[in-house]
Amino acid sequence: MKYKKILLAAGVMAMLFNVTGCKKEEAPKADNTVKEKTEKQEEPEKEESQTVEGAEVVQAEVPANQNLLTGIGDLSEAAIGKRPVAVMVNNVQKAMPQYGVSQADLIFEIPVEGDATRFMALYGDYTKVPQVCPIRSCRYYFPALSQGFDAFYVNWGIDDTIADYLEALDLDQVEGITNTGGLFGRDQEKLNQGYSLEHTGFFDGTKLASYIESKGLRTDLKEEKKGAAFLFNGMDEQLKPEGKDCTQVDIQFGAQSSTFTYDAEKKVYLKQINGTPQTDGKTGEQLAFTNVLVLETEISVRDDIGHKKIDWDGGANAKGYYISNGGVQEIHWSKDENNEESYLRFYDLNGNEIKINRGKSYIALNYANKTTMK
């Protein structure tokens, strides 16, 4: 039985603060058995030629250095066939601006306590992860998703309620409190500016590759994970989803909101947080995504502290939206039930798996009926 379905044992919940300023929790142990992945995705193939009105159209060949998270050929040679990296990032207004997030290939945004949100930023090239700030602690549903990408998992803060769960996942975790590899620190400039301690932790991703090598950690992707993480359209295709026009998306999480406005010239959606452009503090770039996916799911409060219980694997009737290239399509979404290592899949309303455009993607898991589009 996976963590989200385990009943809480009776007892007193206490909030403890460790040296990082992150909260600790008490909760029941998770099942120590993680189901093996039964589904495999085929490795990417070369694009086939097509005949249109008697003329042969040859699609561009998928490059060997395809980034498996974006479908774009931008991996360094050292990162081909290697594991991506998932990093937990503080995403409350008081922590802005973040840095290192504009370089992420894929970002998940999911509610945490009080209906604020947290990012899980994924980087397809483990040799090119930037410095990222501010780093925050883990919640069980984030590694439940990161495992589907066979990613290294980076966070700062120990959550005692999920220690057994993480052990059962056999997670390759790089954790800020216990790490002695010089990968974590405090941003002195932010401290000087008066930021609270929990908004100042940084992860030096530029040192990650050498750290992984020194620890002898597995870098090669599992055989069944060597294909693209999603089904992508052709290399030269930028298709509009089958549905209505969509130039703005508003997602209400509760304590904060995310808004995306379509830039037709660049064919990306620009992100705002609480009505303010969300920019990277070092590059100055506003966060921009080719694809925006909103996945509606069941979310409830599971303890007195306010930690969330989230249905992270969806199902045949789980509703969502795929937004790209100025259009929106209603979809269903799922992972294999109880299987963290399975792929995240998107389907049209007839049950056919859909393709998405190549480029950076943003994925929100949120309450139902909290998204408006125009």
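None of these values were measured; they are calculated from a predicted model.

Parameters and conventions
- Residues numbered from 1 in each chain as written.
- Predicted model: local features only at pLDDT ≥ 70, side-chain atom pairs only at ≥ 80, totals over all residues.
- Heavy atoms only, no water.
- Helix = DSSP H or I, 4+ residues; strand = E, 2+ residues; numbered from the N terminus.
- Buried < 20%, exposed > 50% of the residue type's maximum accessible area, 1.4 Å probe, protein only.
- Contact = heavy atoms within 4.5 Å.
- Areas by Shrake-Rupley, 256 points an atom, 1.4 Å probe, with all protein chains shown as cover.
- Polar contact = N/O pair within 3.5 Å; in protein donor to acceptor, adjacent residues only side chain to side chain.
- Core = buried A, V, L, I, M, F, W, Y, C linked by side-chain atoms within 4.5 Å.
- Pairing = 2+ DSSP bridges.
- pLDDT = per-residue confidence, 0-100.
- Salt bridge = Lys/Arg side-chain N within 4 Å of Asp/Glu carboxyl O.
- Arc of directions from axis to C-beta.
- Phe/Tyr/Trp six-rings, centres within 6.5 Å; stacked < 30°, edge-to-face > 60°.
- Lys NZ or Arg CZ within 6 Å of the ring centre and 35° of its normal.

## Details of the overall build of the protein chain
And step 1. A tally of helices and strands in the protein chain yields 4 helices and 26 strands.
And step 2. Looking at the 374 residues of the protein chain, the share that counts as buried comes to 56%.
And step 3. Here the contacts in the protein chain between residues at least 6 apart in sequence split such that 68% fall between residues at least 24 apart.
And step 4. A total accessible area of about 16200 Å² is found for the protein chain, and carbon and sulfur atoms account for 46% of it.

## Quick word on the side chain of asparagine 90
And step 1. Positionally, asparagine 90 belongs in strand β5 (residues 85-90).
And step 2. Here valine 92 takes part through its backbone nitrogen, which lies 3.4 Å from a polar atom of the side chain of asparagine 90.
And step 3. Residues contacting asparagine 90, with those up to four places away along its chain left out, are Ala95, Met96, Gln98, Pro134, Arg136, Glu198 and His199.

## Here we look at the nonpolar core
And step 1. Phe108, Met120, Phe149, Phe230, Phe346, Ile363 and Leu365 are the most contacted members of the largest nonpolar core, which has 44 residues in total.
And step 2. Looking at this core element by element, the count peaks at 4 residues for helix α1 (residues 141-146).
And step 3. The contact partners of phenylalanine 149, leaving out residues within four places of it in the chain, are Leu69, Pro84, Leu106, Phe108, Leu122, Leu221, Ala229 and Phe230.

## Regarding the environment of leucine 122
And step 1. On the secondary structure map, leucine 122 appears in strand β7 (residues 117-123).
And step 2. Classification of leucine 122 by relative accessible area gives buried; the value is 0%.
And step 3. Separated by 36 residues in sequence, leucine 122 and alanine 86 have C-alpha atoms that sit 4.4 Å apart.
And step 4. Setting aside residues up to four positions removed in sequence, leucine 122 forms contacts with Leu69, Val85, Ala86, Ala104, Asp105, Leu106, Phe108 and Phe149.

## As for the sheet that holds strand β12 (residues 201-204)
And step 1. Taken together, 3 strands build an open sheet; the order of strands is β8-β12-β11 and the sheet is antiparallel. Only two strands of the sheet have a single partner each, and these edge strands are β8 (131-132) and β11 (184-186).
And step 2. Direction of pairing for β8 relative to β12: antiparallel, over a ladder of 2 bridges. Paired with valine 132 across the strands is phenylalanine 203, a residue of β12.

## Here's the deal with the confidence of the model for the protein chain
And step 1. Within the protein chain, residue pLDDT values average 88, and 84% of them lie at 70 or more.
And step 2. Ignoring residues within four places in sequence, the model shows residues 4-49, a span with pLDDT below 50, making 121 contacts including any to other chains.

## Regarding the pattern of salt bridges
Where side chains of opposite charge bring their charged atoms close, a pairing between them can arise.
And step 1. One pass over the structure, following the stated rule, counts 13 salt bridges.
And step 2. As a salt-bridge pair, lysine 308 and aspartate 115 come within 2.9 Å of each other at their nearest N and O atoms. Note that lysine 308 is positioned in strand β21 (residues 308-310) and aspartate 115 in the loop between β6 (106-111) and β7, a separation of 193 residues in sequence.
And step 3. When salt bridges that share partners are traced, they join Arg83, Asp150, Asp172 and Arg218 into one network.

## So, helix α4 (residues 208-215)
One turn of an α-helix holds 3.6 residues; hence residues three or four places apart share an orientation.
And step 1. Among the residues of α4, Leu208, Tyr211 and Ile212 are the ones counted as buried. The arc enclosing the buried residues of α4, seen along the axis, measures out at 100°, which places them on a common side. Away from the buried face of α4 by more than 90 degrees, exposed residues Glu213 and Ser214 are located.
And step 2. On its buried side, α4 packs onto β5, β9 (152-155), β10 (173-175) and β12.
And step 3. One or two positions beyond α4, positive phi appears at glycine 216, with a value near 65°.

## Examining the packing of aromatic side chains
For any two aromatic rings, the description comes down to two numbers: the centre-to-centre distance and the angle of the planes.
And step 1. Across all of its chains, the model carries 13 aromatic pairs by this definition.
And step 2. Plain terms: the ring middles of tyrosine 141 and phenylalanine 142 are 5.2 Å apart, the flat faces sit at 40° to each other, and that makes the pair tilted.
And step 3. Since its relative accessible area comes to 0%, phenylalanine 142 is described here as buried.
And step 4. Aromatic pair phenylalanine 230 and phenylalanine 232: ring centres 6.2 Å apart, planes at 85°, arrangement edge-to-face.
And step 5. The buried category is assigned to phenylalanine 232, whose relative accessible area is 8%.
And step 6. Cluster of aromatic residues (ring-pair linked, three or more members): Phe108, Phe149, Phe230, Phe232 and Phe346.
And step 7. Its guanidinium or amino end placed over the ring of phenylalanine 152, arginine 83 lies 4.2 Å from that ring's centre, counting from NZ or CZ.
And step 8. Looking at lysine 282, its charged tip hangs above the ring of tyrosine 99, at a distance of 4.3 Å from the centre.

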